[in-house]
Amino acid sequence: MKSIQKPIVIVGAGFAGMTFALNLKKLNPSIPIIVVDSETNFIFKPLMYEVLSKEIRSWEATPKFANIFSDVGITFLRNCLTKISFKENILEFSDDLKLSYQYLVICTGSIPNSFLIKGVDENCYFFNDFHDLEELNSFLQKSQETASHNKLFIVGGGPSGIELACKIKDIFVDKFEINVVEKSNEILNKNKIFNREQAEKALEKRKIKVLLNSTVKEVSETKITISSEVGITSLDKDLVIWTAGVKPNLSYLETDEITKKFGRILVNKNLQVESYKNCFAIGDISVIEGMEDLPITAQVAMQEGNHLANNLQLLIQGKDPSPFEFQDNGEMISLGIGEASISGLGVTLSGKLAFEARRLIYAAKLPDITESLKSASSWIFQKKSIFKKFLKKDNSD
Ligand SMILES: Cc1cc2nc3c(=O)[nH]c(=O)nc-3n(C[C@H](O)[C@H](O)[C@H](O)COP(=O)(O)OP(=O)(O)OC[C@H]3O[C@@H](n4cnc5c(N)ncnc54)[C@H](O)[C@@H]3O)c2cc1C
């Protein structure tokens, strides 16, 4: 067994970083681990829609890092990474703190990508983190006081756009006339067919308009300009929510310092940065050589976190690490208040039962992430027996 002189430092305590830290601590309780995050709270992003609709309370989906980590003997620092000196193994933070590491795990997630389209950054709302959620919520609440049929455009027909559209329609009923703008010829084009069909039904039932083959060219204070088969049209808008894409959050990296692919850090199958073998990148910020098609999801981030914990323990023991393999455990999307769609592991389920199963499956995963959230959501467990079959299958990641 090699001895660890300096700590293992993890920057970013989202799905990837949190899973990695907690699993490694379980495997090796005496190992010194420091977790750094620029925020004070973890965000369970798949439940942000339920926070918006008040189906769950915000604190249930956002437990404090300090509580989670102090319970298991991991040091947590709130700080923002600004620079990595890979050759010297030193990290620099926004308050001038410097930290040296023996092993480094970076997992700083994604930020919205506006693709440099004119007016998007200035005139759109986003739905990527808790600050976005609060801003959007406050705008929506204020709109309650104005006339009905405010014109709302949601750009992006992926899961975020569709889930948001259904939820907002159910919360505010006729307050908003909702349009989803999608540049390809179908919504949810990277998702399971069953979920896509359920989503199409959910949108139709709610009279949400979908503009396919439509690309946003500009967003101003009052208008959204869309290019489609019929030409370029400028439409009045009250609100635009941008969910059309994300990019890796890598502001602390200097250009060409390490190899990237599609803007993400390229890692080998052991999740290692090839040029600096004591550095690892997992979650949304990285792409694995030969596995470029993996989706950018919490499911992948958690499996990578779990796998890397095992690999690092092997490395510390002087053994060879093993290559990462992804297990597709299916996907779940919420489709309005009290409804969802689930497809995977040979099971498809939609409607109210799927909604309860989705919450239960997340609750079953939460103990890996935090005990405090598990107890906060204890009401979900009351129905556990009904969904034993699902939990058994889904717990494998
Ligand atoms: C609304 C929404 C719904 C989603 N629903 C699903 C779903 O249903 N299923 C699914 O599988 N995936 C879903 N996703 C995607 C999923 O949330 C991400 O793929 C996942 O969070 C990626 O994990 P990560 O650890 O890479 O990044 P994150 O979970 O985003 O964590 C990154 C962490 O890094 C921290 N950080 C960033 N920069 C710095 C810095 N410079 N210094 C220090 N700390 C920093 C951040 O504060 C954050 O805590 C959803 C995403 C969104 C936005």
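For the structure itself, consult the block above.
A brief look at the structure comes next. (Residues numbered from 1 in each chain as written. Predicted model: local features only at pLDDT ≥ 70, side-chain atom pairs only at ≥ 80, totals over all residues. Heavy atoms only, no water.)

## Structural notes on the nonpolar core
So the rule is basically this: Throughout this description, the term nonpolar core refers to a set of buried Ala, Val, Leu, Ile, Met, Phe, Trp, Tyr and Cys residues connected via side-chain atoms within 4.5 Å. Relative accessibility under 20% of the residue-type maximum defines a buried residue, over 50% an exposed one, and the middle range a partly exposed one, all with a 1.4 Å probe and only protein chains included. Bear in mind that the domain bounds are from an automatic or database domain assignment. Contact definition: two residues touch when any of their heavy atoms are within 4.5 Å.
If you look at the biggest cluster of nonpolar residues, it comprises 102 residues, and the most contacted ones within it are F20, I84, L91, I106, I168 and I265. Of the residues that make up this core, three or more belong to each of domain 1 (1-38 + 79-113 + 245-326) and domain 2 (114-241). Apart from the residues within four sequence positions on either side, I168 is in contact with L52, L140, L152, V173, F176, I178 and I241. Residues V181, V216, V240 and W242 belong to the second largest nonpolar core, which totals 13 residues.

## Quick word on the packing of helix α1 (residues 15-27) against helix α9 (residues 298-316)
Packed helices, taken two at a time, are described by the angle their axes make and the gap between the axes. The cut-off we apply is this: Each axis is a line fitted through C-alpha atoms, and for a helix only the stretch in contact is used; angles between axes span 0 to 180 degrees, taken between their N-to-C directions. The numbering of helices and of strands both runs from the N terminus, where a helix is a DSSP run of H or I of at least 4 residues and a strand a run of E of at least 2. Angular relationships are summarised with four words: roughly parallel below 35 degrees, roughly antiparallel beyond 145, roughly perpendicular across 65 to 115, and oblique for the angles in between. It is the rotation of the near helix from the far one that decides the hand of a crossing: anticlockwise by less than a right angle makes it left-handed, clockwise makes it right-handed. Charged means Asp, Glu, Lys or Arg here, nonpolar means Ala, Val, Leu, Ile, Met, Phe, Trp, Tyr, Cys or Pro, and polar covers whatever is left, Gly included.
It is the contact of α1 with α9, at a shortest axis distance of 7 Å, that shows an interaxial angle of 30°. Classified by the interaxial angle, the pair formed by α1 and α9 is roughly parallel. Note that α1 runs across α9; the crossing there is right-handed. Each of F15, A16, T19, F20, N23, L24 and L27 in α1 lies in contact with α9, whose residues at this interface are A298, A301, M302, G305, N306, L308, A309, N310, L312 and Q313. The class makeup of the residues in the contact of α1 with α9 is 11 nonpolar, 6 polar and no charged.

## Comments concerning the sheet that holds strand β3 (residues 75-78)
Adjacent strands of a sheet form backbone hydrogen bonds with each other and so pair up, either parallel or antiparallel. This is how the line gets drawn: When DSSP finds two or more bridges between a pair of strands, those strands are recorded as paired.
On the basis of which strands lie adjacent, the open sheet formed by 6 strands has the order β3-β2-β1-β7-β21-β20 and mixed pairing. The sheet is open, and its two borders are formed by β3 and β20 (272-273), each paired with just one other strand. Pairing between strand β1 (residues 8-11) and strand β2 (residues 33-37): 4 bridges, direction parallel. Opposite I10, over in β2, you have V35 as the bridge partner. Each of β1, β2 and β7 (103-106) touches α1; the most contacted strand, β1, lies at about 155° to it. Against the sheet, α9 makes contact with β1, β7, β20 and β21 (276-281), and its axis sits at roughly 170° relative to β7, the strand it touches most.

## Let's talk about the packing of aromatic side chains
Basically, it comes down to this: In this analysis, rings of Phe, Tyr and Trp, with Trp reduced to its six-membered ring, are considered paired at centre separations within 6.5 Å, and the interplanar angle assigns stacked below 30 degrees, edge-to-face beyond 60, and tilted for intermediate values.
For the structure shown, the criterion picks out 12 aromatic pairs. Summarising the aromatic geometry, the rings of F42 and F65 are spaced 6.5 Å apart at their centres and angled 75° between planes, so their arrangement reads as edge-to-face. With F42 in the loop between β2 and α2 (48-52) and F65 in helix α4 (residues 65-70), this residue pair connects regions lying 23 residues apart in the sequence. Residue classification places F65 among the buried positions, given a relative accessible area of 2%. Judged by centre distance (6.4 Å) and plane angle (45°), the ring pair of Y103 and F280 falls under tilted. Linking Y103 in strand β7 with F280 in strand β21, this pair joins segments that are 177 residues apart in sequence. An identical accessibility class is assigned to Y103 and F280; each is buried.

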